[in-house]
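Architecture and fold: a report
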Amino acid sequence: MYSTARLDNMDQYDDDTVYMQQEDDWDRDMLLDPAWEKQQRKTFTAWCNSHLRKAGTQIENIEEDFRDGLKLMLLLEVISGERLAKPERGKMRVHKISNVNKALNFIASKGVKLVSIGAEEIVDGNAKMTLGMIWTIILRFAIQDISVEETSAKEGLLLWCQRKTAPYKNVNIQNFHISWKDGLGFCALIHRHRPELIDYGKLRKDDPMTNLNTAFDVAEKYLDIPKMLDAEDIISTLRPDEKAVMTYVSCYYHAFSGKQKAETAANRICKVLAVNQENEQLMEDYEKLASDLLEWIRRTIPWLENRMPENTMQAMQQKLEDFRDYRRLHKPPKVQEKCQLEINFNTLQTKLRLSNRPAFMPSEGKMVSDINNAWGNLEGAEKGYEEWLLNEIRRLERLDHLAEKFRQKAAIHEAWTEGKEEMLQKRDYETATLSEIKALLKKHEAFESDLAAHQDRVEQIAAIAQELNELDYYDSPSVNARCQQICDQWDSLGALTQKRSEALQRTEKLLETIDQLYLEFAKRAAPFNNWMEGAMEDLQDTFIVHTIEEIQGLSTAHEQFKATLPEADKERQAILGIHNEIAKIVQTYHVNITGTNPYTTINPQEVNAKWDKVRQLVPQRDQALIEEHARQQNNERLRRQFANQANVIGPWIQTKMEEIGRISMEMHGTLEDQLTHLRQYEKSIVNYKPKIDQLEGDHQLIQEALIFDNKHTKYTMEHIRVGWEQLLTTIARTINEIENQILTRDAKGISQDQLNEFRASFNHFDRKRTGIMDAEDFKTCLISMGYNLGENEFSRIMSIVDPNRMGIVTFQAFIDFMSRETADTDTADQVMASFKVLAGDKNYILADELRRELPPDQAEYCMARMAPYTGPDAVPGALDYMSFSTALYGESDL
């Protein structure tokens, strides 16, 4: 683009050079005309002073004041905006010639061929050559660049005058001499651009003096164009000097074209400021929303991380209910806020890219990635909290079961040990007969057998107490105290038993009579009694099951136990038969027996009573198992009910996620059609919400029933919730992406066919169909589109499309890049150039100039952000518009 423009300019310079060569071929007869020379002197002097005053100086005599070359060099610097070589400050002729040569060389460097004009003639004050040189400068810097409808220089200026004065009567501009003598041409130009300055209807063609003076006075007063011509000279001269008139008319052209540029510049600045103000509001909204969301996350995470357990099931159930309220009521609005925050951020970045502004960098800790990290921490704490709640409920349930079991076993043991220490401490053997001693010995042997049988129960009690301690049971101190008391008593019973056994054995040698039947009764009654006590204990034992299979296992074991009852009844009858035989022997042989069986405390009544108790407990156990079986069946129904819905909703969510991915990759219809389709799709997804709520209700029933697993489905409620939230977020992001593409298309003026072509290229090189390209695929795509890429150029492009250096290119970034390559946007140079126009080519701008050219609110906006100008040409109140451009586009752009 630059090369083409340069060639065009060179062509233009070639054409203008021919014209200037023609103009430089001086009409020597004309220069000899004193009237024309007078007009040129005055016009050229006024033209030079209109530029030299910008540097704080002026000339009085055109052939004298340029002789040393200093003001000539200064004039060229002002009108060209370039620095010339350092001038010689000496007063000698050689110094003056050197300065003039530097000026002439600079003029020649601009493509101007100087004919018969040398430094010596200028230094010698040759009026003819000096006027010719100034005319050459005027042609090059004031007239040559004028271009109107493919004509330039003199022809362009003449065509401009003809176009502007065409609607006015009595005005017919055909040249730059006699066409202007009546003054109506000058008045028509002013009225065309500033109608409020001249009442053109009152002007008369036969009053050229009034017309000319009116135009000259108005131009000087309101347009800052000095009087370069005299009305008397124009009227009195048969043919006014063409060069003087052309020079003066060119000032009109530049004054009015500069006004148009100022209006264009003001409009451009207004547009830029409006975009910037809107973007700043979006930034403030993002910061507030991000702060509120992060604050909510900061308050919520400590609550979810609190792992202080409760002592009761009721308290833990309340914690679980609070957690359910959080999931149903408090979190969903925050999920929507997070999604909206990401959408706002993406929209803001898109608008900034479209307006050529630097990307928005939120405050520290408020990036989208920071919010995602905080959200991830929240969900991590949330997941851990739910698992902890369920584990604590299981633990408390287990603790309640173990504590009840401990109390039952301890109570049975304490009932069994009651009176045993007193019995073992009796000294009844000292006064007993031989038969009584033998009976006491056998009784003691039976007690030792019973004691050994109870060893297992004591060990079970200690094991249960140990497990309660390991599970951190809240009432462990009382459990430990009771267990310690049982163990101490057990040790005491062991010691007392050993001591009594030794005493009986010492006495046994003196006692020989033994009653075998009593002994046999005691030996058979004791284990049977233990069996009955164990059976009663088992029948009264509480149980916890979670599946039908477990309750069926308990029922099977119970049926097996019931199958042993006939054999047990035979053993009972055999034991009672022994007692009956003893009674028969006593009755038959009139044996004098006082008291009960000396070998055991068990009697037939107790055996029968315990047997009746066992028979009574069996149907009660049957009923408990039946009720538990019914409860497990209900639990199984709840499992299946939840699984049936979850197995439909889970695949549905996955299918919708895949369909959204395909929609975002395919190119069916316009972007508006795709957006409409996606919004209808979003509506259909939102309409599916009642099924999710129904599934939440079934899940709550499962949790209330304390069901912890479900073999009928692989989907948990957590899976469904996460999938549903991801589905809503994905459709919202996809819609936002299409909206941003529409913004890009409209702002950049990209056609639908171009967008389709961009999408086709992107899809072709998106080999994995993931919606992104890696760096190599992106490079291959650019090469296929005709880009000649070196490593440095490709690195520059990647810094634009992948500012976070992720190594990937999204479709939105690809669209933004291709849009930037094919569309034109405001740049920092254009904005700075616009400010320079408003400032009248100064390096600073004043507050009054901003208020005059811009709307009040945008003028105040600029002044509030512009730093004071501190350059060498600073004046009071000067503002540096470079600082404002820096704020808009960033230092790197400038």
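Residue numbers here run from 1 along each chain, matching the order of that chain's written sequence. Side-chain atom pairs in this predicted model are given and counted only at pLDDT of 80 or more, local residue features only at pLDDT of at least 70, and totals for whole chains, interfaces and linings cover all residues. Derived side-chain values reflect all non-hydrogen atoms in the structure, with water molecules and hydrogen atoms excluded from consideration.

**Looking at the overall build of the protein**
Secondary structure elements are taken from DSSP: a helix is a run of H or I of four residues or more, a strand is a run of E of two residues or more, and numbering for both begins at the N terminus. Along the protein, the regular secondary structure elements total 33 helices and 6 strands. Within the protein, contacts between residues separated by at least 24 positions form 75% of all contacts whose residues are at least 6 apart in sequence. Total accessible area computed for the protein in this model is approximately 46000 Å², and 50% of it derives from carbon and sulfur atoms. Residues count as neighbours in contact if any of their non-hydrogen atoms are within 4.5 Å of one another. Surface exposure here means Shrake-Rupley accessible area, sampled with a 1.4 Å probe, where a residue is shielded only by the protein chains that are shown.

**Here's the deal with the state of the cysteines**
The disulfide criterion used throughout: a pair of cysteine sulfur atoms within 2.5 Å. Tallied over the entire structure, the rule returns 0 disulfides. Cysteine 487 provides the cysteine sulfur closest to cysteine 483, a residue in no disulfide bond, and the two sulfurs are 4.1 Å apart.

**So, the packing of helix H5 (residues 70-80) against helix H6 (residues 93-109)**
The packing of two helices is summarised by the inter-axis angle and the distance between the axes. One way to put it is that H5 packs onto H6 with a least axis distance of 8 Å and a crossing angle of 25°. Classified by the angle their axes make, H5 and H6 are roughly parallel. Between H5 and H6 lies a crossing whose hand is left-handed. Between H5, through Leu70, Leu72, Met73, Leu76 and Ser80, and H6, the contact on the second element is made entirely by Asn99, Val100, Lys102, Ala103, Phe106 and Ile107. Residue polarity follows a fixed list, in which Ala, Val, Leu, Ile, Met, Phe, Trp, Tyr, Cys and Pro are nonpolar, Asp, Glu, Lys and Arg are charged, and the others, Gly among them, are polar. Looking at the contact of H5 with H6 residue by residue, the class counts come to 8 nonpolar, 2 polar and 1 charged. Orientation is described by lines fitted to C-alpha atoms, with helices fitted over the stretch in contact, and by angles between N-to-C directions that extend from 0 to 180 degrees. Here is the rule for angles: anything less than 35 degrees is roughly parallel, anything more than 145 is roughly antiparallel, 65 through 115 is roughly perpendicular, and the remaining ranges are oblique. Take the far helix as the reference: if the near one is turned anticlockwise from it by less than a right angle, the crossing is left-handed, and if turned clockwise, right-handed.

**Examining the pattern of salt bridges**
A side-chain nitrogen of Lys or Arg and a carboxyl oxygen of Asp or Glu constitute a salt bridge if their distance falls within 4 Å. Tallying each qualifying case throughout the model produces 54 salt bridges. Glutamate 295 serves as the salt-bridge partner of arginine 298, at 2.3 Å between the closest nitrogen and oxygen. Of this pair, arginine 298 and glutamate 295 are both found in helix H13 (residues 242-305), 3 residues apart, which corresponds to roughly one turn of the helix. Exposed residues in this analysis have more than 50% of their type's maximum accessible area, buried residues have under 20%, and partly exposed residues fall in between, with area computed by a 1.4 Å probe over protein chains only. Judged by relative accessible area, glutamate 295 falls into the partly exposed class, the value being 30%.

**Description of the packing of aromatic side chains**
Pairing of aromatic rings covers Phe, Tyr and Trp, the last through its six-membered ring, and needs centres within 6.5 Å; plane angles under 30 degrees mean stacked, over 60 mean edge-to-face, and all others mean tilted. If you walk through the whole model with that rule in mind, you get 24 aromatic pairs. Ring plane angle 85° and centroid distance 5.3 Å describe the contact between phenylalanine 216 and tyrosine 248, whose orientation is recorded as edge-to-face. A residue pair is termed long-range when its members are at least 10 positions apart, and phenylalanine 216 in helix H11 (residues 208-222) and tyrosine 248 in helix H13 qualify at 32 residues. Taking 5.0 Å as the distance between ring centres and 75° as the angle between the ring planes, the aromatic pair formed by tyrosine 248 and tyrosine 252 counts as edge-to-face. Of this pair, tyrosine 248 and tyrosine 252 are both found in helix H13, 4 residues apart, which corresponds to roughly one turn of the helix. On the accessibility criterion, tyrosine 252 (0% relative accessible area) is buried. In this structure, arginine 140 is placed above the aromatic ring of phenylalanine 141, and the distance from its NZ or CZ to the ring centre is 5.2 Å. Placement of a positive charge over a ring is assigned whenever Lys NZ or Arg CZ falls within 6 Å of the ring centre and within 35 degrees of the normal to the ring plane.

**Comments concerning helix H24 (residues 689-704)**
To estimate how far a helix should extend, the number of its residues minus one is multiplied by 1.5 Å. Taking 1.5 Å of rise per residue, the 16 residues of H24 would be expected to cover 22 Å, and the 23 Å separating its terminal C-alpha atoms lies within 8% of that figure. When H24 is considered as a whole, its buried residues turn out to be Ile692, Leu695, Glu696, Asp698, His699, Ile702 and Gln703. Down the axis of H24, the sector holding all buried residues measures 165°, keeping them to one side. Immediately downstream of H24, the backbone of leucine 706 shows phi near 60°, a positive value. Throughout, the arc means the angular range of directions from the helix axis out to the C-beta atoms.

**Some remarks on the nonpolar core**
To form a nonpolar core, buried Ala, Val, Leu, Ile, Met, Phe, Trp, Tyr and Cys residues must be joined to one another through side-chain atoms within 4.5 Å. If you look at the biggest cluster of nonpolar residues, it comprises 79 residues, and the most contacted ones within it are Trp47, Ile137, Phe186, Ile190 and Tyr252. By residue number, the principal contributor to this core is helix H8 (residues 127-143), which donates 11 residues. Not counting residues up to four positions away in its chain, the partners in contact with tryptophan 47 are Leu75, Ile79, Ile137, Ile138, Ala142, Met228, Thr247 and Cys251. Grouped together as the second largest cluster of nonpolar side chains are 49 residues, Tyr681, Ile731, Ile735 and Val809 included.

**With respect to a nonpolar patch on the surface**
On the surface, Ile772, Met806 and Ile808 cluster together to form a nonpolar patch covering roughly 250 Å² of accessible area. If you trace the backbone, methionine 806 turns up in the loop between helix H28 (791-801) and strand S4 (808-810). Judged by its relative accessible area of 59%, methionine 806 is exposed. Residues qualify for a patch when their relative accessible area is over 30% and they have no salt bridge, like charges being joined within 9 Å and the nonpolar side chains of Val, Leu, Ile, Met, Phe, Trp and Tyr within 5 Å.

**Quick notes on the side chain of glutamate 287**
Mapped onto the fold, glutamate 287 is located in helix H13. Setting aside residues no more than four positions away along its own chain, glutamate 287 makes contact with Phe360, Pro362, Ser363 and Lys366.

**Here we look at the environment of threonine 730**
Positionally, threonine 730 belongs in helix H25 (residues 717-748). In this structure, the C-alpha to C-alpha distance between threonine 730 and cysteine 339, residues 391 residues apart in sequence, is 9.3 Å. A polar contact of 2.7 Å, which involves the side chain of threonine 730, links it to the backbone oxygen of glutamine 726. For this analysis, a polar contact is any N or O atom pair within 3.5 Å, provided that within protein one partner can donate a hydrogen and the other can accept it, and provided that sequence-adjacent residues contribute only side-chain to side-chain pairs.

**Here we look at the confidence of the model for the protein**
Taken residue by residue, the protein gives an average pLDDT of 80. The fraction at 70 or more is 88%. Counting interchain partners and residues more than four positions distant, the pLDDT-below-50 stretch residues 1-32 has 41 contacts. For every residue, the predictor reports its confidence as pLDDT, a number between 0 and 100. Note that pLDDT drops below 50 for residues 510-514; the model gives that stretch 15 contacts with residues more than four away or on any other chain.

**What to know about the packing of helix H3 (residues 34-52) against H8**
Interaxial distance between H3 and H8 falls to 11 Å at its minimum, and their mutual angle equals 50°. By the angle between their axes, H3 is oblique relative to H8. Seen along the crossing, H3 lies across H8 with a hand that is left-handed. Contact residues: H3 offers Glu37, Gln40, Arg41, Phe44, Trp47 and Cys48, while H8 offers Ala127, Leu131, Ile134, Trp135, Ile137, Ile138 and Ala142. Grouping the constituent residues of the contact of H3 with H8 by class yields 10 nonpolar, 1 polar and 2 charged.

**Observations concerning unusual backbone geometry**
The general pattern is negative phi for most residues beyond glycine and trans for most peptide bonds. Residue aspartate 224 is not a glycine yet carries a positive backbone phi of 60°. Backbone geometry at arginine 805 places phi at a positive 55°, although glycine is not the residue there. Given the relative accessible area of 73%, arginine 805 is considered exposed.

**Section: the environment of serine 250**
The residue serine 250 is located in helix H13 in this model. Not counting chain neighbours up to four residues away, the residues in contact with serine 250 comprise Ala142, Ile143 and Leu157.

**Topic: the side chain of glutamate 636**
Looking at the element boundaries, glutamate 636 is found in helix H22 (residues 604-665). The exposure class assigned to glutamate 636 is buried, which follows from its relative accessible area of 14%.

**A few points about the environment of arginine 83**
On the secondary structure map, arginine 83 appears in the loop between H5 and H6. In the structure, arginine 83 is positioned 10 residues away from methionine 73 in sequence and 9.1 Å away in space, judged by C-alpha atoms.

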